[in-house]
Amino acid sequence: RYQRQAFPIAFWEEILLPARVKNYREAHLDSVLAQGEYTWRLTPEGSLYFVPTQDLDWQWDGWDQILTQEKLSEEEGILYRELAKRGASFLKPLSKCLPGENVEAAQEALLGLAQKGLVCADSFLPVRQWLNRDKLARRTLRQRVNARVAAMSVGRWELTRPVCEKSLEEWLEHLFTRQGIVCRKTWQKPEGD
């Protein structure tokens, strides 16, 4: 029901999903994402939404346009080019593309790309770690190392693809399914359209 609706990131696992899923645990969302039917997207404004993978434009190949339009750090640019060349990849092999093969720098660059809406992962763990980054910085060395190890086993990172354009009929069907009654005040364009 909430697909392609953007909400503040923390709302998803603190309010929305626990209210909709009995005995909600983080593993529920990770399981759904691992099946590949949905992917998450961050917006530059700090919201997050989910997109069904069937709605993605799999023929799109405008990766070079993104590189000229976005202001990316050196590490972000390297990883973006690698993901465009390789396709979905794990964190550890991607870190070998950076000088010094720094896993932490690769993770930070990927999170920076995710904040710009340019990449996503097979798991929700990167989003959780990004939300808790201030708490994680105050934790013991062992806890920080454990978090880094967990990030390496998070799954694959991939470039986000644009959402296919919907016909007017598909739009209306989607709106009526989501809201039931549609008027000027309740209409909201889904993210990615």
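Below is a summary of the structure that appears in this document. (Residues numbered from 1 in each chain as written. Predicted model: local features only at pLDDT ≥ 70, side-chain atom pairs only at ≥ 80, totals over all residues. Heavy atoms only, no water.)

### Remarks on the overall build of the protein
Logical step 1: Tallying secondary structure elements over the protein gives ten helices and five strands in all.
Logical step 2: Counting every position in the protein, which comprises 193 residues, the buried fraction comes to 38%.
Logical step 3: For the protein, long-range pairs separated by at least 24 residues make up 63% of all intrachain contacts whose partners lie at least 6 apart in sequence.
Logical step 4: Entry remark: accessible area of the protein is about 11700 Å², with carbon and sulfur atoms responsible for 49%. (Helix = DSSP H or I, 4+ residues; strand = E, 2+ residues; numbered from the N terminus. Buried < 20%, exposed > 50% of the residue type's maximum accessible area, 1.4 Å probe, protein only. Contact = heavy atoms within 4.5 Å. Areas by Shrake-Rupley, 256 points an atom, 1.4 Å probe, with all protein chains shown as cover.)

### A few points about the nonpolar core
Logical step 1: Core analysis: the biggest nonpolar cluster contains 36 residues, and Trp40, Leu48, Phe50, Leu79, Leu110, Phe124 and Trp157 have the highest contact counts within it.
Logical step 2: Considering each element in turn, this core owes the most residues, seven residues, to helix α6 (residues 103-115).
Logical step 3: With residues up to four places along the chain from it excluded, the contact list for Leu110 reads Leu79, Leu83, Leu91, Leu94, Val119 and Trp157. (Core = buried A, V, L, I, M, F, W, Y, C linked by side-chain atoms within 4.5 Å.)

### Quick notes on the pairing of strand β2 (residues 38-42)
Logical step 1: Counting buried positions along β2 yields four of five residues, so the element is predominantly enclosed.
Logical step 2: With five bridges connecting them, β2 and strand β3 (residues 47-52) associate as antiparallel partners. Note on β3: the bridge partner recorded for Thr39 is Val51.
Logical step 3: Hairpin connection of β2 to β3: four residues between the antiparallel strands, including Gly46 at a positive phi of 95°. (Pairing = 2+ DSSP bridges.)

### Overview of the packing of aromatic side chains
Logical step 1: Summed over all chains, the structure comprises five aromatic pairs.
Logical step 2: Ring geometry for Trp40 against Trp157: centres 6.5 Å apart, planes inclined by 80°, an arrangement best described as edge-to-face. Of the two residues, Trp40 is situated in strand β2 and Trp157 in strand β5 (residues 157-159); the sequence distance between them amounts to 117 residues.
Logical step 3: What makes Trp40 buried here is its relative accessible area of 0%.
Logical step 4: Each residue in the set Phe7, Trp12, Trp40, Phe50, Phe124 and Trp157 is aromatic and connected to the rest through ring pairs, giving one cluster. (Phe/Tyr/Trp six-rings, centres within 6.5 Å; stacked < 30°, edge-to-face > 60°.)

### Concerning a nonpolar patch on the surface
Logical step 1: Taken together, Leu168, Leu172 and Phe176 make up a surface patch of nonpolar side chains, about 310 Å² in accessible area.
Logical step 2: As for its position among the elements, Leu172 is in helix α10 (residues 168-179).
Logical step 3: Taking relative accessible area as the criterion, Leu172 reaches 41% and is therefore assigned partly exposed. (Patch = residues over 30% accessible without salt bridge, like charges linked within 9 Å, V, L, I, M, F, W, Y side chains within 5 Å. Salt bridge = Lys/Arg side-chain N within 4 Å of Asp/Glu carboxyl O.)

### Side note on the pattern of salt bridges
Logical step 1: Applying the stated rule across the entire model yields eight salt bridges.
Logical step 2: Across the pair Glu13 and Arg128 runs a salt bridge, and its minimum N-O distance is 2.7 Å. Of this pair, Glu13 sits in helix α1 (residues 9-20) while Arg128 sits in helix α7 (residues 125-131); the two residues are 115 residues apart in sequence, bridging distant segments of the chain. In this structure, Glu13 and Arg128 share a single accessibility class: buried.
Logical step 3: For the salt bridge of Asp122 with Arg156, the shortest nitrogen-to-oxygen distance reads 3.1 Å. Remark: Arg156 occurs in the loop between α9 (141-152) and β5 and Asp122 occurs in the loop between β4 (119-121) and α7; sequence separation between them is 34 residues.
Logical step 4: A relative accessible area of 34% places Arg156 in the partly exposed class.
Logical step 5: What emerges from the salt-bridge pattern is a single network uniting Glu13, Glu26, Asp30 and Arg128.

Purely geometric stuff here, so don't read any function into it on its own.
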